[in-house]
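Letter by letter, the chains look like this.
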Amino acid sequence: KAGVTQTPRYLIKTRGQQVTLSCSPISGHRSVSWYQQTPGQGLQFLFEYFSETQRNKGNFPGRFSGRQFSNSRSEMNVSTLELGDSALYLCASSPGLLAGTLRNSYNEQFFGPGTRLTVL
Amino acid sequence: SQQGEEDPQALSIQEGENATMNCSYKTSINNLQWYRQNSGRGLVHLILIRSNEREKHSGRLRVTLDTSKKSSSLLITASRAADTASYFCATGSGGGSQGNLIFGKGTKLSVKP
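Let me sum up the structure you'll find in this document. This is a predicted model, so every value here is computed, not measured. (Residues numbered from 1 in each chain as written. Chains lettered and ligands numbered in written order. Predicted model: local features only at pLDDT ≥ 70, side-chain atom pairs only at ≥ 80, totals over all residues. Heavy atoms only, no water.)

**Some words on the overall build of chain B**
So the rule is basically this: Put simply, DSSP marks the helices as runs of H or I at least four residues long and the strands as runs of E at least two long, and each gets a number from the N terminus on. Between the two quantities, the radius of gyration covers C-alpha atoms and the globule rule is 2.2 Å times the number of residues to the power 0.38. Using the Shrake-Rupley algorithm and a 1.4 Å probe, accessible areas are obtained, with residue cover drawn only from the displayed protein chains. Charge counting follows a simple rule: Lys and Arg are positive, Asp and Glu are negative, and His as well as the terminal groups are ignored. A single reference atom marks each charge: NZ on Lys, CZ on Arg, CG on Asp, CD on Glu.
Helix and strand counts for chain B come out as zero helices and eleven strands. Secondary structure elements of chain B occur, N-terminal to C-terminal, as β-β-β-β-β-β-β-β-β-β-β. A compact globule built from 113 residues would reach a C-alpha radius of gyration of about 13 Å, and chain B, at 13 Å, matches this within 12%. The dimensions of chain B, computed from C-alpha atoms along their principal axes, are 45 × 30 × 20 Å. About 5100 Å² of surface is accessible on chain B, with carbon and sulfur atoms providing 44% of the total. Both charge centroids of chain B, one from 14 positive and one from 9 negative side chains, sit 4 Å from each other.

What follows is the structure, encoded as structure tokens:
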């Protein structure tokens, strides 16, 4: 099976612009999660989508949004970019179980190579 | 907020030596996972240990879990230069969600040939 793919791999934007990042999960995986990685804050959870619904959201401002399509592909959008948004954005997919089943059971996640966003 | 906190933050060893990394966490977990990240790239899943397991092996990797101390350790035996990477532990934060993993800041391992 092909792995998780993310596009683009690198992006340079200026403050105030917006950006859209794309993630294609492993075929058959229904859960897609997004993480932001910075040297200062480390890896932080942004949000998770399952069957086109946002199932969980991290502690990020409303400028960060996402969506998932019927084919499980996901996009995240950051509006009004700030310098502090410069980071490696990682997408991860997993088969996904229905919420409530095997509660608190977190299975292996498969990560893409990431999108390196630089905000100038 | 970080759930897992790894130590040491950085570790430098010679090829052939063993490397041990530790992780502590704060809340109850169902399982704990270890991931590896090569410089600036995606994470690779190494091993998952469930809360009812105390030790697990995978090749040269050995993971232990002590739920009473809320801690885990990752041992890499007979290390190789290719093991040079950052290693993260990750736990689920709860809420019945699959994807809400909380990562520690990681241990940066350098294996010198």
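**Here's the deal with the sheet that holds strand E3 (residues 19-24) of chain B**
Residues and elements named next belong to chain B. Selection criterion: Any two strands are treated as partners once DSSP identifies two or more bridges connecting them. For every element, the axis is a line fit to its C-alpha atoms; helices are fit only across the contacting stretch, and the angle between N-to-C directions ranges from 0 to 180 degrees.
With respect to topology, five strands assemble into an open sheet ordered E1-E3-E8-E7-E6, the strand pairing being antiparallel. Lying at the two open borders of the sheet, with one neighbouring strand each, are strand E1 (5-7) and strand E6 (55-58). Each strand axis lies, on average, 20 degrees off the axis of its neighbour in the sheet, ignoring direction. Here four bridges tie E6 to strand E7 (residues 61-66), and the two strands are oriented antiparallel to one another.

**Section: the pairing of strand E11 (residues 107-112) of chain B**
All names here are of chain B. Applicable threshold: Under the scheme applied here, a residue whose accessible area is under 20% of the maximum for its type counts as buried, over 50% as exposed, and between as partly exposed, the area being computed with a 1.4 Å probe on protein chains only.
Here E11 shows a clear split, with Thr 107, Leu 109 and Val 111 buried on one side and none of Lys 108, Ser 110 and Lys 112 buried on the other. Two strands pair when backbone bridges link them, and strand E2 (residues 10-14) and E11 are joined in this way by five bridges, in the parallel orientation. Looking at the pairing, Ser 12 lines up with Ser 110 of E11. Examined bridge by bridge, strand E9 (residues 85-92) and E11 share three bridges and lie antiparallel to one another. Bridged to Ala 85 within E11 is Leu 109.

**Describing the pattern of salt bridges**
The following threshold applies: One speaks of a salt bridge when a side-chain nitrogen belonging to Lys or Arg is within 4 Å of a carboxyl oxygen belonging to Asp or Glu.
Overall, the coordinates contain seven salt bridges over all chains when judged by the stated rule. Note that Glu 82 of chain A and Arg 63 of chain A form a salt bridge whose closest N and O atoms lie 3.6 Å from each other. One end of the pair, Glu 82 of chain A, is in the loop between strand E8 (74-78) and strand E9 (87-94); the other, Arg 63 of chain A, is in the loop between strand E6 (53-57) and strand E7 (64-68), and 19 residues separate them in sequence. Here Glu 55 of chain B ties to Arg 62 of chain B by a salt bridge, and the two come within 3.2 Å at their closest N and O atoms. Owing to a relative accessible area of 40%, Glu 55 of chain B belongs among the partly exposed residues under this scheme. Judged by relative accessible area, Arg 62 of chain B falls into the partly exposed class, the value being 31%. What emerges from the salt-bridge pattern is a single network uniting Arg 63, Glu 82 and Asp 85 of chain A.

**Some thoughts on the state of the cysteines**
Residues and elements named next belong to chain A. The line we're drawing: Two cysteine sulfurs form a disulfide in these notes if their separation is within 2.5 Å.
Under the counting rule described, the total for this entry stands at two disulfides over all chains. Each sulfur of the disulfide joining Cys 23 and Cys 91 lies 1.7 Å from the other. Because the sign of the S-S torsion sets the handedness, a value of about -50 degrees for the bond joining Cys 23 and Cys 91 places this disulfide among the left-handed ones. A residue pair is termed long-range when its members are at least 10 positions apart, and Cys 23 in strand E3 (residues 19-24) and Cys 91 in strand E9 qualify at 68 residues.

**Some remarks on the sheet that holds E7 of chain A**
Residues and elements named next belong to chain A. One open sheet accounts for four strands, arranged E1-E3-E8-E7; its pairing is antiparallel. Bordering the open sheet on either side are strand E1 (5-7) and E7, each of which pairs with just one other strand. Each adjacent strand pair in this sheet contributes to an overall mean axis angle of 20 degrees, direction not counted. By the bridge criterion, five bridges tie E3 to E8 in an arrangement that is antiparallel. Residue pairing across strands places Thr 20 opposite Asn 77, the latter belonging to E8.

**Remarks on the packing of aromatic side chains**
The geometry of an aromatic ring pair is captured by the separation of the ring centres together with the interplanar angle, meaning the angle of the planes. Residues and elements named next belong to chain B. Spelled out, the test is: Pairing of aromatic side chains requires ring centres within 6.5 Å, counting the rings of Phe and Tyr and the six-membered ring of Trp. Pairs whose planes differ by under 30 degrees are stacked, by over 60 edge-to-face, and all others tilted.
Scanning the entire structure with this criterion turns up nine aromatic pairs over all chains. Note on Phe 88 and Phe 103: the rings are 6.4 Å apart at their centroids and 85 degrees apart in plane angle, and the pair reads as edge-to-face. Pair noted here: Phe 88 is in strand E9 and Phe 103 is in strand E10 (residues 101-103), with a separation of 15 residues, a long-range link. Judged on exposure class, the residue Phe 88 and its partner Phe 103 are both buried.

**Description of unusual backbone geometry**
The omega angle of the peptide bond from Thr 7 of chain A to Pro 8 of chain A is -10 degrees, so this bond is cis rather than trans. Along the polypeptide, Pro 8 of chain A turns up in the loop between E1 and strand E2 (10-13). Even without glycine at this site, Thr 80 of chain A takes up a positive phi of about 45 degrees. In this structure, Thr 80 of chain A sits in the loop between E8 and E9. Backbone geometry places Lys 70 of chain B, a non-glycine residue, at a positive phi of 50 degrees. As for its placement among the helices and strands, Lys 70 of chain B is situated in the loop between E7 and strand E8 (71-76).

Distances and angles like these do not, on their own, reveal function.
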